[in-house]
Amino acid sequence: MAVERTLSIIKPDATRRNLTGKIIAKFEEAGLKVVASRRLKLSQADAEAFYGVHKERPFFKDLVSFMISGPVVVQVLEGEGAIQKNRDVMGATNPANAAPGTIRKEFAESIEANSVHGSDAPETAANEIKFFFRDLDIVG
Ligand code: IDP
Ligand code: MG
């Protein structure tokens, strides 16, 4: 399988509870390498643009408010099949449905405050990485 890169976000519910290191350890244990990382606070415009695909969904407004409620850690993860591997380590969107050992099963507070974001396909991964990082900031 090809080496890929994907975008991960450690969400405000997790930074608030000081879980950054525990979450990064899950990625590393799965063979994903952190090749870029930055802590920042999203503006409302940033969050609305980033989650633009969901703008018609009933949860959009609350999701944007949640994502700007505290700092996030945005990261590029690299590895074989990194996009799917990251989704596997994250677990299902709703922590009630997430498999044992996944980040969302262990750490998520709710379907909204679910601790992590991960790109869902090669095209979205490329666009989401570009949203936060210049090529120079990514060192494999
Ligand atoms: P994903 O993060 O597992 O890819 P998406 O369907 O892309 O899930 O939804 C994006 C984010 O929107 C979720 O991670 C979660 O924070 C939030 N979200 C999704 N579905 C709901 C919902 O039914 N209620 C509240 N928030 C939701
Ligand atoms: Mg998604």
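The model shown is predicted, which means the values in this text are computed figures rather than measured ones.

S.K.: In this structure, what is going on with the site of ligand 1? I would like to understand it.
M.R.: Close to ligand 1 lie K11, H54, F59, L63, R87, T93, R104, I111, E112 and N114, which account for all nearby residues. Side-chain polar atom of R87 to an oxygen atom of ligand 1: 2.9 Å apart, as the coordinates give it. R104 has a polar side-chain atom sitting 3.0 Å from an oxygen atom of ligand 1. Compared with its free state, where it exposes 530 Å², ligand 1 has 79% of that area covered by protein. Here the shell around ligand 1 is built from residues that sort into three nonpolar, three polar and four charged.

S.K.: Just to check I follow, could you spell out the pattern of salt bridges for this structure?
M.R.: A side chain with one charge may pair with a side chain of the opposite charge, provided their charged atoms come close. Under the criterion given, the structure shown has six salt bridges. E109 is paired through a salt bridge with R17; the nearest N and O atoms lie 3.4 Å apart. Of the two residues, E109 sits in the loop between α6 (103–107) and β4 (116–118) while R17 sits in the loop between α1 (12–16) and α2 (20–29), which places them 92 residues apart along the sequence. The exposure class assigned to R17 is partly exposed, which follows from its relative accessible area of 30%.

Reading guide: rules and limits
- Residues numbered from 1 in each chain as written.
- Chains lettered and ligands numbered in written order.
- Predicted model: local features only at pLDDT ≥ 70, side-chain atom pairs only at ≥ 80, totals over all residues.
- Heavy atoms only, no water.
- Near = heavy atom within 4 Å.
- Polar contact = N/O pair within 3.5 Å; in protein donor to acceptor, adjacent residues only side chain to side chain.
- Areas by Shrake-Rupley, 256 points an atom, 1.4 Å probe, with all protein chains shown as cover.
- Nonpolar A, V, L, I, M, F, W, Y, C, P; charged D, E, K, R; others polar.
- Salt bridge = Lys/Arg side-chain N within 4 Å of Asp/Glu carboxyl O.
- Helix = DSSP H or I, 4+ residues; strand = E, 2+ residues; numbered from the N terminus.
- Buried < 20%, exposed > 50% of the residue type's maximum accessible area, 1.4 Å probe, protein only.

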